[in-house]
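Chain by chain, the residues:
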Amino acid sequence: MENNTARNRLDDMLERYGEVCTQKVAAQLLSVVPRTIHRMLEEGRLQYFCVDSIDWETWSDQYGDPRGRALRHEAWYHYVVEELVPRIYEINTLSNGGKVASGILTTGCSMGGMHAANFFFRRPDLFDGCISLSGVFNSRMFFGDYMDDIIYNNAPEVYLRNLANDHPYVDLYNRSYIVLCCGQGAWEDEMIASSKEMKRILEEKGIHAWIDFWGYDVNHDWPWWQKQLPYFLEKIV
């Protein structure tokens with residue numbers, strides 16, 4: 001009974017798209033229906049899971065206590081990697097007759113794009129790539145000048161800048177798919193600047209990544225993310 005209750009609690013945090021898949025699992029760190037990838041789901045090339053976030057209690061709660069917000073985010077992070085990810089693999093294996101997909105890509109747009117990159121860069125041993133759309137990769141927009149150990153560990157711009165060039169993660173990164181994309185239209189200024197800084201850092205570390213800047217008519221908005229996600233997934237899956 002306890003195991004069933006725990007599984008039901010985990011499943012409440014997940015939305016699954018695609019019944020069978022032995023190629024790739026994608027986990028979106030924002031619960032939004034990916035309506036533009038139906039063909040890949042129907043072909044069994046992809047199984048897609050959307051994960052609920054708690055950003056209103058953490059990154060977006062700009063009037064809350066910053067340490068409390070950081071602790072709440074870190075609890076969610078550990079919940080995802082320690083409980084939800086094993087459940088995703090369990091669901092995937094059961095739906096594939098005992099076979100497991102080759103790995104998990106993290107995906108997301110806007111705030112979800114930041115989470116997708118952060119989860120991957122923190123745990124390249126657990127995830128084998130990311131597609132981050134219109135993400136910002138530092139904490140300044142949400143926490144201002146506040147910094148502590150938890151915020152440091154969730155700001156890829158910051159911790160990657162200090163990563164040793166011979167760190168074992170560099171090899172794992174280079175065996176993975178890394179896509180950071182943003183437009184150059186309305187509401188993308190902070191994302192452009194952050195993506196450019198990530199490009200500089202990754203190149204300095206010898207980490208291979210596809211940093212893609214779309215046109216000046218490409219805004220920070222859903223219609224463009226619905227085009228970008230299948231575009232990159234088709235290149236990877």
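The structure under discussion appears in the preceding block.
Residues numbered from 1 in each chain as written. Predicted model: local features only at pLDDT ≥ 70, side-chain atom pairs only at ≥ 80, totals over all residues. Heavy atoms only, no water.

Student: How should I be thinking about the packing of aromatic side chains in this particular structure?
Tutor: Geometrically, a pair of aromatic rings is defined through the distance of the ring centres and the angle of the planes. One pass over the structure, following the stated rule, counts 16 aromatic pairs. An angle of 85 degrees between the planes, with centres 5.2 Å apart, marks the rings of Trp59 and Phe143 as edge-to-face. Of this pair, Trp59 sits in the loop between strand 3 (46-51) and helix 3 (66-95) while Phe143 sits in helix 5 (residues 140-143), and the two are 84 residues apart along the sequence. The pair Trp59 / Phe143 is uniform in exposure class, with both members buried. Taking 5.5 Å as the distance between ring centres and 85 degrees as the angle between the ring planes, the aromatic pair formed by Trp214 and Tyr231 counts as edge-to-face. One end of the pair, Trp214, is in the loop between strand 7 (210-213) and helix 10 (222-236); the other, Tyr231, is in helix 10, and 17 residues separate them in sequence. Residue Tyr231 is classed as partly exposed on the basis of its relative accessible area of 34%. Three or more aromatic residues joined by ring pairs form one cluster here, namely Trp59, Phe142, Phe143 and Tyr146. The ring of Phe143 has Arg69 sitting right over it, with the charged end atom 4.0 Å from the ring centre. (Phe/Tyr/Trp six-rings, centres within 6.5 Å; stacked < 30°, edge-to-face > 60°. Helix = DSSP H or I, 4+ residues; strand = E, 2+ residues; numbered from the N terminus. Buried < 20%, exposed > 50% of the residue type's maximum accessible area, 1.4 Å probe, protein only. Lys NZ or Arg CZ within 6 Å of the ring centre and 35° of its normal.)

Student: Whenever I open this one, the pairing of strand 5 (residues 129-133) confuses me. Can you help?
Tutor: Each regular strand shows side chains that alternate between the opposite faces of the sheet. Of all 5 residues in strand 5, 5 are buried; the element is thus mostly enclosed. Alternating residues of strand 5 divide into Gly129, Ile131 and Leu133 and Cys130 and Ser132, and every residue in both groups is buried. Alignment of strand 4 (residues 104-109) against strand 5, held across 4 bridges, turns out to be parallel. Paired with Thr106 across the bridge in strand 5 is Cys130. Regarding the hand of the β-α-β motif, the stretch spanning strand 4, helix 4 (residues 111-122) and strand 5 is right-handed. Bridge count for strand 5 against strand 6 (residues 177-182) is 5 bridges, and the pairing is parallel. (Pairing = 2+ DSSP bridges. Right-handed = clockwise from strand over helix to strand, strands pointing away.)

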